[in-house]
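Take a look at the letters that make up each chain.
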Amino acid sequence: MHSFGYRANALLTFAVTILALMCAMASISDNFNHPTPSAHVQVLNINWFQKQPNGNDEVSMTLNVSADLQSLFTWNTKQVFVFLAAEYETPKNSLNQISLWDGIIPSKEHAKFLIHTSNKYRFIDQGSNLRGKEFNLTLHWHVMPKTGKMFADKIVMPGYRLPEEYR
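Now for a quick tour of the structure. Every value quoted in this text rests on a predicted model; they were computed, and no experiment measured them. (Residues numbered from 1 in each chain as written. Predicted model: local features only at pLDDT ≥ 70, side-chain atom pairs only at ≥ 80, totals over all residues. Heavy atoms only, no water.)

**Quick notes on the pattern of salt bridges**
Next, step 1: The final tally for this structure, using the stated rule, is 3 salt bridges.
Next, step 2: Of the charged contacts in the structure, one is a salt bridge between R122 and E58, with a shortest N-O distance of 3.2 Å. Of the two residues, R122 sits in the loop between strand 5 (112-118) and strand 6 (123-125) while E58 sits in strand 2 (residues 57-68), which places them 64 residues apart along the sequence.
Next, step 3: You can call E58 buried: its relative accessible area is 6%.
Next, step 4: Across the pair D102 and K120 runs a salt bridge, and its minimum N-O distance is 2.7 Å. Of this pair, D102 sits in strand 4 (residues 96-105) while K120 sits in the loop between strand 5 and strand 6; the two residues are 18 residues apart in sequence, bridging distant segments of the chain.
Next, step 5: What makes D102 buried here is its relative accessible area of 15%.
Next, step 6: With a relative accessible area of 49%, K120 lands in the partly exposed category. (Salt bridge = Lys/Arg side-chain N within 4 Å of Asp/Glu carboxyl O. Helix = DSSP H or I, 4+ residues; strand = E, 2+ residues; numbered from the N terminus. Buried < 20%, exposed > 50% of the residue type's maximum accessible area, 1.4 Å probe, protein only.)

**Digging into the packing of aromatic side chains**
Next, step 1: Taken as a whole, this structure holds 6 aromatic pairs when the rule is applied.
Next, step 2: Plain terms: the ring middles of F123 and F135 are 6.2 Å apart, the flat faces sit at 80° to each other, and that makes the pair edge-to-face. Placement of F123 in strand 6 and of F135 in strand 7 (residues 134-145) is noted, with a sequence separation of 12 residues between them.
Next, step 3: Aromatic pair F135 and Y160: ring centres 5.7 Å apart, planes at 25°, arrangement stacked. Of this pair, F135 sits in strand 7 while Y160 sits in strand 8 (residues 151-161), and the two are 25 residues apart along the sequence. (Phe/Tyr/Trp six-rings, centres within 6.5 Å; stacked < 30°, edge-to-face > 60°.)

**Looking at the sheet that holds strand 3 (residues 77-88)**
Next, step 1: Spatially, the 4 strands line up as an open sheet ordered 4-3-7-8, and their pairing is antiparallel. Of all the strands in the sheet, just strand 4 and strand 8 have a single pairing partner and so form its edges. The mean angle between the axes of side-by-side strands here comes to 20°, regardless of whether they run parallel or antiparallel. (Pairing = 2+ DSSP bridges. Axes fitted to C-alpha atoms, helices over the stretch in contact; angles between N-to-C directions.)

**Topic: the pairing of strand 2**
Residues in a regular strand point their side chains to alternate faces of the sheet.
Next, step 1: Counting buried positions along strand 2 yields 10 of 12 residues, so the element is predominantly enclosed.
Next, step 2: Inspection of the sheet shows strand 1 (residues 38-51) paired to strand 2 by 12 bridges, in the antiparallel sense. Looking across to strand 2, one finds that V41 is bridged to V65.
Next, step 3: Connecting strand 1 to the next strand, strand 2, in antiparallel fashion are 5 residues, including G55 with a positive phi near 95°.
Next, step 4: Summarising the sheet, strand 2 and strand 6 pair through 3 bridges and their orientation is antiparallel. Among the inter-strand pairings, E58 is bridged to a residue of strand 6, identified as I124.
Next, step 5: In this structure, strand 2 lies alongside strand 5, joined through 7 bridges in antiparallel fashion.

Put into C-alpha cells, the structure is as follows:
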C-alpha cells in the first residue's frame, strides 16, 4: 500500500488544485457583473482663491459629493477606493489632475453616500493658470477584489469654472 506521506501529499495537492480552481471561477464571475454607478458633485462655495507668495494659485472649495456605488460590489469585492479629482488643461500640461477628496468604502452598505466637505487636499496650480479656468470634476474608483485582478473606472462631470478674480 501507500505510505502516510504519499496519501497526505495527494490530499494536499488535490485541495490546493480545488482552491485554485475556485479562485479562478471567482475571478471570472466578476466579468459578468456590469455595474451602473452614479455620482453628482455640487460646488457650494469657493472659500478662497488666492495667489501664494511664490506665484502659485490656490483654491479651497466646499463640495457636496453624492454617489451610489452599490452596483460595484459583488460577493468577490473586498473594498472600493474612491477619489474625486479636479482635471484641467494648461498651456504647459495637457492634463492636470488634483485629488480633492478620497475614501475607502468597505462594504455595500456604505457605498451610497452624501458627503459635505471642503477639499481634503490642497488645490494648487504651479503658476497663475487657474483664473477663469474651466475644469472637470471626476470621480474615480478602484475595485479591490478578494481574488483576481483589480479594476478601475470613473465618471467625468464637466462644466465647472473658477472665478476670474482672486478672493
